[in-house]
Amino acid sequence: MSFIQPIKRTDIRVSVNDRRIINGAEEADVVQLSPMKHKWAWQAYLDANANHWLPTEIQMQRDIELWKDPNGLTEDERTAFKRVMGFFTTGDSIVANNLVLAIYKQITSPECRMYLLRQSYEEAIHTHAYQYIIESLELDEGEIFNMYREKASIFNKDQMLINFSLGVLDPNFSTKGKENTQKFLENLIGFYLICEGLFFYTSFAVILSFQRQNKLVGASEQIQYIMRDESMHMNFGIDMINTIKEENPGVWTSSLENKIYAAIEEAVQLEVVFAKDCFPKGILGINSDLFEQYMRHIADRRLERVGLVARYNVENPFPWMSEAIDLSKEKNFFESRVTEYKTGGTLDW
Ligand code: FE
């Protein structure tokens, strides 16, 4: 099965039963969207389009005034904000590269590919949002954009993610066979559960703690939009992982499970070091101990979503994060929007 299939002249029509997320039948052309087997992926694509937004639609004036005011924020608050931006500026680009260069070509479900195309664009919008925040606040671009190389706590997180890409990025890699399918699943776990589901969420918590104090409200609004997108990315990834598990019996072994538990623990440890770098003294009611507890709390939720057992069993120290996530699903962001997207009938050519 090649992921870049040549098309063939034939009278045999594609059957929905030939569809698989990976390792689909050769006859099940990936260029043919219908018949669809993974309807949740199509729904995710429709939902993502309904949530379209652009960073430049959000007013940044209040943030600019606050950042310029020498008494607007403490030095510790400024450091925390910049560190989180230092992680974000490259985080979404690493995700996007893995999507486009490692994941996409292995996926044999056309409806999953449709969502991956949309997700890739959203990762670009997120990187744009960080660039827009940095430009608006006139932060030192060199400092923020190089931080992933200069700060060990960010570099080590990125390095962990990049290690999940190794092998899968090899042009000759294929998901055929149990070991290769497992390797691919590890990549999905690394990116959808650990990066999008853990690393991003703790950084969202930092930014939203500013919002709770009515500070940096523009940047926080950007982050709320991003968080809404990211929670969809994570849910889509979890659906892919669980479906691959079902469609490829025998690949989900106890040794794979142990690797997942170990990877989650490693991510927790890296995040704790990052938290100490972000707020050595604590800010806005967050300190590195609470941050660690939050990380462990959400790690359990992610484990459960892929059928594994909760390991840490700690309470959520930031119940307001759950509220913010729920709110971001319901809140009508479109009320405050300046731009209205043109519908088909009114497009100018
Ligand atoms: Fe994402």
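Residues numbered from 1 in each chain as written. Predicted model: local features only at pLDDT ≥ 70, side-chain atom pairs only at ≥ 80, totals over all residues. Heavy atoms only, no water.

1. Let's talk about the overall build of the protein chain
The test is simple: Where helices and strands are cited, they refer to DSSP runs of H or I of at least four residues and of E of at least two residues respectively, numbered from the N terminus. Values of the radius of gyration come from C-alpha atoms, whereas the globule rule sets the reference at 2.2 Å times the count of residues to the power 0.38. Residue burial is assigned from relative accessible area. The probe radius is 1.4 Å, only protein chains are included, and a residue is buried under 20% of its type maximum, exposed over 50%, and partly exposed in between. We call two residues in contact when some of their heavy atoms are within 4.5 Å. For every accessible area listed, the method is Shrake-Rupley and the probe measures 1.4 Å; residues are considered covered only by the protein chains on display. Under this rule, positive means Lys or Arg and negative means Asp or Glu; His and the chain ends count for nothing. To locate a charge, take atom NZ for lysine, CZ for arginine, CG for aspartate or CD for glutamate.
Counting secondary structure elements, the protein chain contains twelve helices and zero strands. Starting at the N terminus and ending at the C terminus, the protein chain contains elements arranged as α-α-α-α-α-α-α-α-α-α-α-α. Since a compact globule built from 349 residues should have a radius of gyration of about 20 Å, the 21 Å found for the protein chain is in line with a globular shape. Seen through its principal axes, the protein chain has C-alpha atoms that stretch 70 × 55 × 35 Å. The buried share of the protein chain, taken over its 349 residues, is 54%. Taking all contacts inside the protein chain whose residues are at least 6 apart in sequence as the whole, residues at least 24 apart take part in 78%. By element, 50% of the accessible surface of the protein chain is carried by carbon and sulfur atoms, the whole surface being about 15900 Å². Positive and negative charge centroids in the protein chain, built from 37 and 50 side chains respectively, lie 4 Å apart.

2. Observations concerning the side chain of Arg-302
Just so we agree on the cut-off: Any Lys or Arg side-chain nitrogen located within 4 Å of an Asp or Glu carboxyl oxygen qualifies as a salt bridge.
Counting through the fold element by element, Arg-302 comes out in helix α11 (residues 288-305). Of the side chains with opposite charge, Glu-304 lies nearest to the buried Arg-302, which makes no salt bridge, at 8.5 Å. Setting aside chain neighbours within four positions, we find Arg-302 in contact with Leu-193, Gly-197, Leu-198, Tyr-201 and Met-234.

3. A few points about the coordination of the iron ion
The following threshold applies: Listed donors are limited to N, O and S atoms within 2.8 Å of the metal, widened to 3.2 Å for Na, K and Ca; water is not among them, so incomplete-looking sites are possible. Geometry is assigned from the angles between donors: four donors with all angles from 85 to 135 degrees make a tetrahedral site, four or six donors whose opposite pairs exceed 155 degrees while the rest stay between 65 and 115 make square planar or octahedral sites respectively, and everything else is labelled irregular.
All of the protein donors around the iron ion are Glu-123 (OE), Glu-196 (OE), Glu-230 (OE) and His-233 (ND1); their distances to the metal are 1.8 to 2.2 Å. Its four donor atoms give the iron ion angles of 64 to 172° at the centre, a pattern that matches the irregular case. For the iron ion, the donor residues sit on a single chain with the sequence spacing E-x72-E-x33-E-x2-H. Of this pair, Glu-123 sits in helix α4 (residues 110-136) while Glu-196 sits in helix α8 (residues 178-212), and the two are 73 residues apart along the sequence. Of the residues examined, Glu-123 reaches a relative accessible area of 0% and is grouped as buried. With a relative accessible area of 1%, Glu-196 lands in the buried category.

4. Brief notes about the pattern of salt bridges
The full count for this structure, using the stated rule, is ten salt bridges. The shortest N-O distance in the salt bridge between Glu-138 and Lys-68 comes to 3.9 Å. One end of the pair, Glu-138, is in the loop between α4 and α5 (141-145); the other, Lys-68, is in helix α2 (residues 61-68), with 70 residues separating them in the sequence. For the residue pair Glu-138 and Lys-68, the accessibility class agrees, reading exposed in each case. In this structure, Glu-77 engages Lys-215 in a salt bridge whose closest nitrogen and oxygen atoms are separated by 3.2 Å. Here Lys-215 lies in the loop between α8 and α9 (217-247) and Glu-77 lies in helix α3 (residues 75-103), a separation of 138 residues in the sequence. Classification of Glu-77 by relative accessible area gives buried; the value is 6%. Connected through salt bridges with shared partners, the residues Glu-265, Glu-292 and Arg-296 form a single ionic network.

5. Some remarks on α9
Short version of the rule: Between the first and last residue of a helix there are one fewer steps than residues, each counted as 1.5 Å, and that sum is the expected span.
Its 31 residues give α9 an end-to-end C-alpha distance of 45 Å, which sits within 8% of 45 Å, the value for a rise of 1.5 Å per residue. Most of α9 sits out of view: 24 of its 31 residues are buried.

6. Looking at the side chain of Ser-120
Tracing the chain through its elements places Ser-120 in helix α4. When neighbours within four sequence positions are excluded, Ser-120 is seen to be in contact with Leu-99 and Val-100.

7. Quick look at the confidence of the model for the protein chain
Put simply, the test is: The predictor rates its confidence in each residue with pLDDT, a number between 0 and 100.
Per-residue confidence for the protein chain gives a mean pLDDT of 89, with 91% of residues at or over 70. Taken element by element, the protein chain is modelled with least confidence in helix α12 (residues 319-330), mean pLDDT 72, and with most confidence in α4, mean pLDDT 97.

8. Let's talk about a nonpolar patch on the surface
Here is the rule: What makes a patch is a set of residues exposed beyond 30% relative accessible area and free of salt bridges, joined within 9 Å when like-charged and within 5 Å when nonpolar (Val, Leu, Ile, Met, Phe, Trp, Tyr).
Among the surface-exposed residues, Val-100, Leu-101 and Leu-169 lie close enough to one another that they form a single nonpolar patch of about 260 Å² accessible area. Relative to the helices and strands, Leu-101 resides in helix α3. For Leu-101, a relative accessible area of 48% gives the class partly exposed.

9. A word on the packing of aromatic side chains
For the record, the criterion: Whether two aromatic rings pair depends on their centres lying within 6.5 Å, for rings of Phe, Tyr and Trp, where Trp uses its six-membered ring; planes under 30 degrees apart make the pair stacked, over 60 edge-to-face, and the rest tilted.
Scanning the entire structure with this criterion turns up 19 aromatic pairs. Ring centres of Phe-87 and Phe-199 lie 6.2 Å apart, and the angle between their planes is 85°; on these two criteria the pair is classed as edge-to-face. Linking Phe-87 in helix α3 with Phe-199 in helix α8, this pair joins segments that are 112 residues apart in sequence. Taken as a pair, Phe-87 and Phe-199 share a single burial class, namely buried.

10. Let's talk about the packing of helix α7 (residues 152-165) against α8
Going by this rule: Only the stretch in contact is used when fitting a helix axis, every axis being a line fitted to C-alpha atoms; angles between N-to-C directions are given from 0 to 180 degrees. An angle below 35 degrees is treated as roughly parallel, one above 145 as roughly antiparallel, one from 65 to 115 as roughly perpendicular, and anything else as oblique. Handedness of a crossing follows from how the near helix is turned relative to the far one, being left-handed for an anticlockwise turn of less than a right angle and right-handed for a clockwise one. In this classification, Asp, Glu, Lys and Arg are treated as charged, Ala, Val, Leu, Ile, Met, Phe, Trp, Tyr, Cys and Pro as nonpolar, and every other residue, Gly included, as polar.
Running from N to C, α7 and α8 cross one another at 155°; their axes reach a closest spacing of 8 Å. In this view, α7 runs roughly antiparallel relative to α8, as classed from their interaxial angle. When the axes of α7 and α8 are compared, the crossing they make is left-handed. Contacts between α7 and α8 involve Lys-157, Met-160, Leu-161, Phe-164 and Ser-165 from the former and Glu-186, Asn-187, Gly-190, Phe-191, Ile-194, Cys-195 and Phe-199 from the latter. A class-by-class count of the residues in the contact of α7 with α8 yields seven nonpolar, three polar and two charged.

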